[in-house]
Amino acid sequence: MNSIWSIRTGIRDFLESIYRTGRSWIEKYPFIKTAYTIFSWLSLILFVLSLFFVKESRTMMVQYLWSFYVLLQFWFLCRSKTIPWKQIVLFVLAGVFLVVPFTTLTVNALHVLFGGSTSDTWSIAVITPIFEELWKLLPLGIFLLFSRRASALSLSDYTLIGAATGVGFQLMEELSRRWLSSGPLAEKFGYSFTWMGGETIHWDLFSLFPGRFEESVFPTLMTVGHPVHTAMIALACGIAYRLRTKLTKWVFLFPAMMLLWAILDHAAYNGQYQLPGWVLRLHDWTGSGYKTQPAFLLMLLASITADYWSLNKIRIRLPSLPNEPLLNPFTELWNMTRSFCLDRGKFVYWLGFYRERRELGFHLLYGNEEAAGRQEPIDARVKALCQALTGLAIILLVAGLFAGIGAHTSGGEPACFACMFDSLQDWWDRLDWYEQGAILLGALALSLLFVGFWPAFGIAMTGMGIAGSGHEIAGYIRDPKKLLTPENALSVAAGIVLSRIPFGKALSWAGKKGRRYVRKLLDKLGSRKPDIDVPVKPKPPKHDGPSKHQDDPKKPDDDPKKPDDEPKKPDDNPKKSDDDSPPNKDKADEGTEQDKTIGSIVKVKDKTIYTNPAGNELTWVDQSPKNINRDIDQFLNSKDVGKATEAKVADFVRNETDVKAYAQKVMRSDGQAAGDLDVVTKDAIIEVKASIRAVKVDQFNKFTDPTHDLFFNPENKKVILYIDKSLSNLRPEQQAMLETIKSKGVTIVNSLEKLKGVL
């Protein structure tokens, strides 16, 4: 035993000396860290670029995301963990770069000694399962042998170590399968599809621990993925080690039984048609692979319960927060989730405090002499995090009191949680800059009583952020659905990214400071008169100032900031004609355009703003002939029947006349869709339908009824309904619908030849 101890400590001391030497070099030569940072960013950029040009990179990314998703599930379920995420990632890398090569070397060495090949039944169904399940425990064994904190692990730590190693092993195994799969079967159905078994490897988003092995055609047995098997065996090792003093040494048979169970599941699936009957019968007795995951989940639930039961025995010796009489995973999860959603700056403190407190508790419970050396710094970190959370709570309480005062003095508004934040920002905005600075310094000084400078600075800035964003927070409280809009989701994502990348906070600060000046610049640019055509509707009589009547169309050069300006006459700024000018432009003075146009049209660059007779403003983006032809060619072979039919009609029409618009979206002023124009020519609007079942009567009111709220046929073009199916054998209600549409002045055709005749 002494020789083993000396070897163990000698290797560990040697590795630690190398680590300390490396850290000293980095401190002595800072350019090493700079070079590494540059290399990391360049590598990331090259990887992102490879996703666009290299198919294998995209394949690798898909499998990586699945493996990451499985690891996140384990991370969420193992509530009593003490190992941080960075160390768990190292176990994933150990599964990739240690277990996979070592297993391959072992299996190939056996074939060199005893002959045969890796495709033999005895290799696939016997040798491979044994060594894969056994060698996946190597990272756990190495960690327990050399780590100083090995005696102070929670049972969830054992589970996470095993799961992370299994995730790394399965990542490389499935990535190899994806890269090597080829042929029409793999291209059509996926890399794991077989003729006899169908889909054999299942990656399901809404399943627990995806990546199980099971034939989808007449399944008789299955096996869970590598992470579940290895996590179950590792957890069994932790349970046996925890109970070794209370039970006899025979308790170590429990992890041996779990190992044999995992090997049996693995072997039965690999050799299900070639193994002896007694092996498959034994596999049936153990549940044919379907009982493995439920058994593991029961073990995990029992282990988490045991961990928190142990922690509560010494909760008096552990730092605790107010209103926390019992340590439990549900309160911890609630506080972390709530802080992540409402105050992400506080989330890091909650996460660190709970994990460090659990680690301190297990050091006090089970730590040996080696682990005792880590107890003091852990205790100091836990106390610092506890003080930070207490300081944040005090600052928020003070902010709440100020908000209450503001709400009380602001008048007779009803008291509510959202109103508190409104009043808080109203009070904050009334303060001068030096008063806000004094409050910031006061909050910083108060926080320094509990934490160091930088955490205190973060606490003070968080308080300022809450006070300055009261209206926004109140809006989210009154209408939580606003958080679900895409623009807010992108804003949150951008905020998270900016807070993580180098100089991200500086970029965010610069963006906030420069936003006002950019907006002024855009306002100046927007104040110039847009390039418009001759007005298409007679102007109302001239007034002393711009009319405020809601029926008066707003002129493009009206400036609401200058009420004394005279409205410009149509001929104040004559335009020279060009190719983009509408027909009969030079005859506008004779009223030809005014007679033909319904409503008013204003063109701003490539955008058309149309106000219909109902007073509703609709907009659409003008399309160039190049883009129209490109879109038609793109959708000619679309798998969507509706889009393919529209493209076919547009392709026919462009050979007969000019297509002015294709699949053009018409939008309301609030950004909602008002409708679309399938194919538009100089004189006609063609509504294309693949069959009569897609026809709706109300859709044509937008083209034919000027009183409709969403009317958008300002030039009163002829409306054509093209149906790409025979119109014989119609049902009575379909025939009546077509007659109704015809009564609105719509021409109905069901062939390209008939369409040619009416164009």
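This is a predicted model, so every value here is computed, not measured.

Caption draft 1: Expanded view of the pattern of salt bridges. With the rule as written, the count across this model stands at 22 salt bridges. One salt bridge connects Arg357 with Glu332, and the closest N-O pair in it is separated by 3.7 Å. Here Arg357 is found in helix 14 (residues 344-366), whereas its partner Glu332 is found in helix 13 (residues 329-342), with 25 residues between them in sequence. With a shortest N-O distance of 2.7 Å, Arg654 and Asp633 are connected by a salt bridge. Separated by 21 residues along the polypeptide, Arg654 in helix 24 (residues 641-654) and Asp633 in helix 23 (residues 625-635) bring together distant segments of the chain. Classification of Arg654 as partly exposed rests on a relative accessible area of 23%. A single salt-bridge network, built from bridges that share partners, covers Arg149, Asp157, Arg355, Glu356 and Glu359.

Caption draft 2: Structural view of the packing of aromatic side chains. In this structure the tally under the stated criterion is 19 aromatic pairs. Arranged with centres 6.2 Å apart and planes meeting at 20 degrees, the rings of Tyr64 and Phe68 form a pair that is stacked. Of this pair, Tyr64 and Phe68 both sit in helix 3 (residues 55-77), four residues apart, which is roughly one turn of that helix. Given the relative accessible area of 41%, Tyr64 is considered partly exposed. By relative accessible area, Phe68 is classed as partly exposed at 32%. Consider the rings of Tyr610 and Trp620, whose centres lie 6.1 Å apart with planes at 50 degrees: the pair is tilted. Residue Tyr610 is located in strand 7 (residues 607-611), and its partner Trp620 is located in strand 8 (residues 617-621); the two are separated by 10 residues in the primary sequence. Note on Trp620: relative accessible area 11%, which makes it buried. One aromatic cluster in this structure is built from Tyr64, Phe68, Trp75 and Trp85. Above the face of the Phe76 ring, Arg79 is positioned so that its terminal group lies 5.6 Å from the ring centre.

Caption draft 3: Fine view of the sheet that holds strand 10 (residues 673-680). Strand order across the open sheet formed by eight strands is 6-7-8-9-10-11-12-13, with mixed pairing between neighbours. The open sheet has two edge strands, strand 6 (600-604) and strand 13 (747-749), and neither has a second partner. Strand-to-strand twist across the sheet, computed as the mean angle between neighbouring axes with direction ignored, equals 30 degrees. Here five bridges tie strand 6 to strand 7, and the two strands are oriented antiparallel to one another. Bridged to Val602 within strand 7 is Ile609.

Caption draft 4: How the structure looks around the sheet that holds strand 5 (residues 222-223). Pairing is antiparallel in the open sheet, where three strands are placed in the order 3-4-5. Here the strands that pair on one side only, and so sit at the sheet edges, are strand 3 (201-202) and strand 5. Pairing between strand 3 and strand 4 (residues 212-214): two bridges, direction antiparallel. Across the sheet, residue His202 finds its bridge partner in strand 4, namely Arg212.

Conventions and cut-offs
- Residues numbered from 1 in each chain as written.
- Predicted model: local features only at pLDDT ≥ 70, side-chain atom pairs only at ≥ 80, totals over all residues.
- Heavy atoms only, no water.
- Salt bridge = Lys/Arg side-chain N within 4 Å of Asp/Glu carboxyl O.
- Helix = DSSP H or I, 4+ residues; strand = E, 2+ residues; numbered from the N terminus.
- Buried < 20%, exposed > 50% of the residue type's maximum accessible area, 1.4 Å probe, protein only.
- Phe/Tyr/Trp six-rings, centres within 6.5 Å; stacked < 30°, edge-to-face > 60°.
- Lys NZ or Arg CZ within 6 Å of the ring centre and 35° of its normal.
- Pairing = 2+ DSSP bridges.
- Axes fitted to C-alpha atoms, helices over the stretch in contact; angles between N-to-C directions.

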